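# Remarks on the overall topology
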Amino acid sequence: FYNQLSDSEKHFTLAVVNPGMVVGPLLQPTLNTSSELILKLFNGSRDSYPHAYMFFVDVRDVADSHIAVFEDNNAKGRFL
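Here the structure is a predicted model, which means the values were calculated and not measured.

Structurally, serine 34 is set in helix 1 (residues 33-43). The exposure class of serine 34 is buried, given its relative accessible area of 10%. Apart from the residues within four sequence positions on either side, serine 34 is in contact with Met21, Val22 and Val23.

Now the structure itself:
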């Protein structure tokens, strides 16, 4: 989308934070998707995860990343 805009239409820079499976303290009394997946891995209730690559990141690190990108005017492009 952003690359399809003309220079005069680009009034903002684009930075994307795209984490893997987000884990951390729960705010609700039920399991979220990421926590449920980890539970199933540990208790064996899921038969298999074919060709699965799982990358876990703490929700607090995701929040810090969003703040850092928001505050840094030079944050654009692709970073790991």
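The next subject is the pattern of salt bridges. Under the defined criterion, the tally for this structure stands at two salt bridges. With its nearest N and O atoms 3.4 Å apart, the salt bridge here joins glutamate 36 to lysine 40. Taken together, the residues span about one helical turn, with glutamate 36 and lysine 40 both in helix 1 at a distance of four residues. Residue glutamate 36 is classed as partly exposed on the basis of its relative accessible area of 35%. Exposure remark for lysine 40: the relative accessible area of 29% places this residue in the partly exposed category.

Thresholds, definitions, all that
Within each chain, residues carry numbers counting from 1 in the order of the written sequence. Only residues with pLDDT of at least 70 get local features here, since the model is predicted, and only at 80 or more are side-chain atom pairs given and counted; chain-wide, interface and lining totals rely on the full set of residues. Excluding hydrogens and water, the side-chain values take into account all heavy atoms of the structure. Secondary structure elements follow DSSP: runs of H or I of four or more residues count as helices, runs of E of two or more count as strands, with numbering from the N terminus. Each residue's exposure class comes from its accessible area (1.4 Å probe, protein chains only) as a fraction of the maximum for that residue type: buried when under 20%, exposed when over 50%, partly exposed otherwise. Contacts are residue-level and defined by heavy atoms, with any inter-residue pair within 4.5 Å sufficient. Salt bridges are counted wherever a side-chain nitrogen of Lys or Arg sits within 4 Å of a carboxyl oxygen of Asp or Glu.

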